[in-house]
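# Coordinate analysis (summary)
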Amino acid sequence: MGKDTRIEWTHHTFNPWWGCVRVSDACDHCYAETWAKRLGEDVWGAKSERRFFGDAHWKEPLKWDREAKESKTRRRVFCASMADVFENRKDLVPHRLRLLDLIAATPHLDWLLLTKRIHLVRKQLPKGYELPSNVWLGATVENQDAAGKRLKYLLEFDTPAVRFLSCEPLLGPLDLRQWLKSGEGGTRVDWVIAGGESGPGSRPMDPQWPEDLRKQCNAAGVAFHFKQWGHWAPLEQAADAVTGRTPIHIVRRDGSEVKLAAVGKGKAGRSLGGRHWDQFPSPRNTV
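Here is what the cut-offs are and how they apply
Residues numbered from 1 in each chain as written. Predicted model: local features only at pLDDT ≥ 70, side-chain atom pairs only at ≥ 80, totals over all residues. Heavy atoms only, no water. Helix = DSSP H or I, 4+ residues; strand = E, 2+ residues; numbered from the N terminus. Rg over C-alpha atoms; globule rule 2.2 N^0.38 Å. Buried < 20%, exposed > 50% of the residue type's maximum accessible area, 1.4 Å probe, protein only. Contact = heavy atoms within 4.5 Å. Core = buried A, V, L, I, M, F, W, Y, C linked by side-chain atoms within 4.5 Å. Expected span 1.5 Å × (residues − 1). Arc of directions from axis to C-beta. Polar contact = N/O pair within 3.5 Å; in protein donor to acceptor, adjacent residues only side chain to side chain. Salt bridge = Lys/Arg side-chain N within 4 Å of Asp/Glu carboxyl O.

### Some words on the overall build of the protein chain
- Along the protein chain, the regular secondary structure elements total seven helices and twelve strands.
- Taking 287 residues into account, the globule formula puts the C-alpha radius of gyration at 19 Å, and the protein chain, at 19 Å, falls close to it.
- For the protein chain, the spread of C-alpha atoms along the three principal axes comes to 55 × 50 × 40 Å.
- Here the protein chain holds 287 residues, and 52% of them are scored as buried.
- Here the contacts in the protein chain between residues at least 6 apart in sequence split such that 78% fall between residues at least 24 apart.

### A look at unusual backbone geometry
- Here the amide bond leading from C79 into A80 is cis, since omega sits at 15 degrees, within 30 degrees of zero.
- Following the sequence through the fold, A80 ends up in the loop between β4 (75-79) and α3 (93-104).
- One non-glycine residue with positive phi stands out, namely K72, at about 55 degrees.
- Note on placement: K72 falls in the loop between α2 (55-71) and β4.
- The backbone phi angle of D254 is positive, close to 55 degrees, even though this residue is not glycine.
- Along the chain, D254 turns up in the loop between β11 (248-253) and β12 (256-262).

### What about the nonpolar core?
- Counting 68 residues, the largest nonpolar core has W111, C167, L176 and V192 as its most contacted members.
- With near-sequence residues (within four places) excluded, C167 lies in contact with V141, L174, L176, V192, I193, A194, G195 and L213.
- Of all hydrophobic cores here, the second largest spans twelve residues; its members include L114, F164, I193 and A223.

### Quick word on α2
- Taking 1.5 Å of rise per residue, 17 residues should cover 24 Å, and α2 covers 25 Å from first to last C-alpha, within 8% of that figure.
- Of all the positions in α2, only W58, P61, W64, D65 and A68 are classed as buried. Take α2 and look down its axis: the buried residues cluster within an arc of 100 degrees, on one side only. In this structure, α2 carries A56, K59 and E70 as exposed residues pointing more than 90 degrees from its buried face.

### Observations regarding the environment of G244
- Here G244 shows up in the loop between β10 (232-234) and β11.
- Placed 17 residues apart in sequence, G244 and A261 show a C-alpha to C-alpha distance of 11 Å.

### Structural notes on the side chain of Q124
- Among the secondary structure elements, Q124 is positioned in helix α4 (residues 121-124).
- Side chain to side chain, Q124 and R96 meet in a polar contact 2.8 Å long.
- Once residues within four sequence positions are removed from consideration, Q124 is found in contact with F86, E87, N88 and R96.

### Structural notes on the pattern of salt bridges
- The final tally for this structure, using the stated rule, is 21 salt bridges.
- D145 serves as the salt-bridge partner of K149, at 3.2 Å between the closest nitrogen and oxygen. With K149 and D145 both in helix α5 (residues 144-154) and four residues apart, this pair spans about one turn of that helix.
- A salt bridge links R252 to E257; the shortest N-O distance between them is 3.5 Å.
- When its relative accessible area of 63% is taken as the criterion, R252 is described as exposed.

Following this line, the structure appears as structure tokens:
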């Protein structure tokens, strides 16, 4: 965690704490929970303590901000890969307030706050507080049900530089068209990240699902980023990695069969329709 990250759509990661509790279908095979347990950290679940960090950890983004200012190049910070900033626990309140102060002190960094608890964001922020222009606010949307429940809360915010979605793991078809165009308040989704699930127990993603999202975003002029296929990839794309023991999953659609092969994240790659989709949004009102 920190300056060097393998997450394709950010430069840095920062965690104000470690730990969370499952709240949706997207959490069923949480990579962060798996990673924490592998390291012997008991920080998952409603009754578990969260892991907090010292001053040296909190000073790291200040260094990143100085570097960004000197290079005159903004840097994105994903917060948080091992937690949810808006989890509702009393012991997290002072650490969340410290995070807000840190965001204000680092104006040359764009802070990507991604949550599955978008409905709680207003309640967890101080009264009268408005998110600053170096915040990109995002919601996880894994299927149509999640979109219907969460996106109305995301679009209530008009001050973030970017409003974005993480459709990863993508667990079903998604029609986002109504949220990709400006509503009455002039707000819309500015960026869509999509990807399949990786790790143990991964659920296969129908290749048509990310392709449909790409088309919807392209038609609306919304930036689209395809992060990964995950554990399962279209058979024709992963043919070189397939062996006689490779599990195959069949998706039946429109009378035809689409075969997926379990080849792992690294071999599955992130090419969609013959190319990489690495589009990024244009932030509003940043220094």
